[in-house]
Amino acid sequence: MKYIVLFGPPGSGKGTQSENIIEKYGYGHISTGDVLRAEMQNNTELGKTAKDFIEKGQLVPDSLIIDMLAKTLDGFKTAKGIIFDGFPRTTAQAVALKEMLKARGGDVSVMINLIVSEKELVERLLNRGKTSGRSDDNLETIQKRIDTYNNQTAPVIDYYKGEGKLANIEGIGTIAAIFEKICEKIEAV
Ligand code: B4P
C-alpha cells in the first residue's frame, strides 16, 4: 500500500489536490482538518476542544490528533493507498505516524511538500473565506496559522528529508499543472 503525505502551509492546496488524487487513484483520504471540522459541527467533546485551538490559529494537541488518526486509519485496511492531508503537522505526529504504519508493516512512501509564498497563501485563504464559512479564514487567524506553521510544522520537512522521503513541488501555478507534478511523484514510489 502507498502511504502519501501531502504537506504544505495553510492554503497551499492540500485539500484541493487530495480531491484530484482520490479521483485518479481511488486512494483512501485522511484529512485531520476535515475530521476536526466534522467533530466541531457535531459538537462532540473533541470538537469543542478543537474549536478553541482552531479559532486561535493554533494546532490541536498531538495526543488528541494521534488518537483520532489511529481510529480513522483502521477504516482503510483494504485501500490501495492512503493520502494523509494535513497530518503530520509536528515532528511528534510524524514519529507517531511512523510507529502506526510500522505496526501495519508499512512506511510513508513519499512526503510531497507544496511550496507557496506567504503572500499567495494569504490571498487564497482570504478568498476562500468569502464562501467557506470557516471561522479560521480571516486575516488575523490566517496570520497566526502561518506563524504556527513556520514555528511548529515546517520542522517536519527536515524529519522527512532525514528519512529520504522528501519531494518538493512548486505549489504556484494552475491546479492541473501542480497535480501533474504530484502524479509524477506518486508514480515514482
Ligand atoms: P486544514 O483543514 O488542514 O486546512 P488548510 O491547511 O487551511 O488548507 P489546505 O492546504 O488544505 O488548503 P486548500 O486546498 O483548501 O487545517 C485547519 C486547522 O485544523 C489547522 O489550522 C489546525 O488548527 C487544525 N489541524 C488540522 N490538522 C491538524 C493536525 N494534524 N494537528 C493539529 N491541528 C490540526 O486551498 C486553499 C484555497 O486555495 C482554496 O480556496 C483553493 O481553491 C485555493 N487553491 C488551491 N490550489 C490553488 C492554486 N494552484 N492556485 C490558486 N488557488 C488555489
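Residues numbered from 1 in each chain as written. Predicted model: local features only at pLDDT ≥ 70, side-chain atom pairs only at ≥ 80, totals over all residues. Heavy atoms only, no water.

## So, the overall build of the protein
Phase 1 of the analysis: Counting its regular elements, the protein contains nine helices and five strands.
Phase 2 of the analysis: Going from N to C terminus, the protein has its helices and strands arranged as β-α-β-α-α-α-β-α-β-α-α-α-β-α.
Phase 3 of the analysis: For the protein, the C-alpha atoms occupy an extent of roughly 40 × 40 × 30 Å along the three principal directions.
Phase 4 of the analysis: Classification of the 189 residues of the protein by burial places 44% in the buried group. (Helix = DSSP H or I, 4+ residues; strand = E, 2+ residues; numbered from the N terminus. Buried < 20%, exposed > 50% of the residue type's maximum accessible area, 1.4 Å probe, protein only.)

## Re the site of the ligand
Phase 1 of the analysis: In the neighbourhood of the ligand, 29 residues make up the surrounding shell, with Thr-16, Thr-32, Gln-58, Arg-128 and Arg-145 lying closest.
Phase 2 of the analysis: In the model, an oxygen atom of the ligand is placed 2.8 Å from a nitrogen or oxygen of the Gln-58 main chain.
Phase 3 of the analysis: A distance of 3.1 Å is found between a nitrogen atom of the ligand and a backbone nitrogen or oxygen belonging to Val-60.
Phase 4 of the analysis: Protein chains bury 87% of the 1000 Å² of accessible surface belonging to the ligand in isolation.
Phase 5 of the analysis: Elements represented by at least two residues in the shell around the ligand include exactly helix 1 (14–25), helix 2 (32–41), helix 6 (118–132) and helix 9 (175–187).
Phase 6 of the analysis: Each residue belonging to the shell around the ligand can be placed in one class, and the counts come to ten nonpolar, eleven polar and eight charged. (Near = heavy atom within 4 Å. Polar contact = N/O pair within 3.5 Å; in protein donor to acceptor, adjacent residues only side chain to side chain. Areas by Shrake-Rupley, 256 points an atom, 1.4 Å probe, with all protein chains shown as cover. Nonpolar A, V, L, I, M, F, W, Y, C, P; charged D, E, K, R; others polar.)

## A look at the nonpolar core
Phase 1 of the analysis: Core analysis: the biggest nonpolar cluster contains 29 residues, and Val-5, Phe-84, Leu-97 and Tyr-160 have the highest contact counts within it.
Phase 2 of the analysis: Of all the secondary structure elements, the ones that give two or more residues to this core are strand 1 (2–7), helix 2, helix 3 (45–54), helix 4 (62–73), strand 3 (81–85), helix 5 (91–103) and helix 8 (155–162).
Phase 3 of the analysis: The leading source of residues in this core is helix 5, at five residues.
Phase 4 of the analysis: Beyond its immediate chain neighbours, meaning those up to four positions away, Phe-84 contacts Tyr-3, Ile-4, Val-5, Leu-6, Ile-30, Leu-69, Leu-73, Leu-97 and Leu-101.
Phase 5 of the analysis: One finds Tyr-25, Ile-112, Ala-167 and Phe-179 within the second-largest nonpolar core, a separate group that totals 16 residues. (Core = buried A, V, L, I, M, F, W, Y, C linked by side-chain atoms within 4.5 Å. Contact = heavy atoms within 4.5 Å.)

## Concerning the packing of aromatic side chains
Aromatic ring pairs are reported here in terms of the distance separating the ring centres and the angle at which the planes meet.
Phase 1 of the analysis: Evaluated as defined, the whole model comprises five aromatic pairs.
Phase 2 of the analysis: With a centroid separation of 5.4 Å and an interplanar angle of 25°, the aromatic rings of Tyr-25 and Tyr-27 are classed as stacked.
Phase 3 of the analysis: Residue Tyr-25 is classed as buried on the basis of its relative accessible area, which comes to 13%.
Phase 4 of the analysis: Three or more aromatic residues joined by ring pairs form one cluster here, namely Tyr-3, Phe-84 and Phe-87. (Phe/Tyr/Trp six-rings, centres within 6.5 Å; stacked < 30°, edge-to-face > 60°.)

## Brief notes about unusual backbone geometry
Phase 1 of the analysis: For the bond running from Phe-87 to Pro-88, omega is -5°, close enough to zero to count as cis.
Phase 2 of the analysis: Tracing the chain through its elements places Pro-88 in the loop between strand 3 and helix 5.
Phase 3 of the analysis: With a phi angle near 55°, Asn-43 is a residue other than glycine that sits in the positive phi range.
Phase 4 of the analysis: With respect to the secondary-structure elements, Asn-43 resides in the loop between helix 2 and helix 3.

## Comments concerning the sheet that holds strand 1
Phase 1 of the analysis: An order of 2-3-1-4-5 is seen for the five strands of this open sheet, with the pairing classed as parallel. The sheet is open, and its two borders are formed by strand 2 (28–31) and strand 5 (166–170), each paired with just one other strand. Neighbour to neighbour, the strand axes of the sheet diverge by 20° on average, direction disregarded.
Phase 2 of the analysis: Contacts from helix 1 reach strand 1, strand 2, strand 3 and strand 4 (110–115) within the one sheet, and its direction differs from that of strand 3 by about 170°. (Pairing = 2+ DSSP bridges. Axes fitted to C-alpha atoms, helices over the stretch in contact; angles between N-to-C directions.)

## Quick notes on the side chain of Arg-145
Phase 1 of the analysis: With respect to the helices, strands and loops of the structure, Arg-145 is situated in helix 7 (residues 139–153).
Phase 2 of the analysis: The residues contacting Arg-145, other than those within four sequence positions of it, are Pro-10, Gly-57, Leu-125, Arg-128, Arg-134, Asp-136 and Asp-137.

## Overview of the packing of helix 1 against helix 9
Phase 1 of the analysis: Here helix 1 crosses helix 9 at 60°, and the two axes come no closer than 10 Å. One way to sum up the angle between helix 1 and helix 9 is to call them oblique. Considering the relative orientation of helix 1 and helix 9, their crossing is right-handed. Contacts between helix 1 and helix 9 involve Thr-16, Gln-17, Asn-20, Ile-21, Lys-24 and Tyr-25 from the first element and Ile-175, Ile-178, Phe-179, Ile-182, Cys-183, Ile-186 and Glu-187 from the second.
Phase 2 of the analysis: For the contact of helix 1 with helix 9, the class distribution of residues is eight nonpolar, three polar and two charged. (Parallel < 35°, antiparallel > 145°, perpendicular 65-115°, else oblique. Left-handed = near helix turned anticlockwise from the far one by under 90°.)

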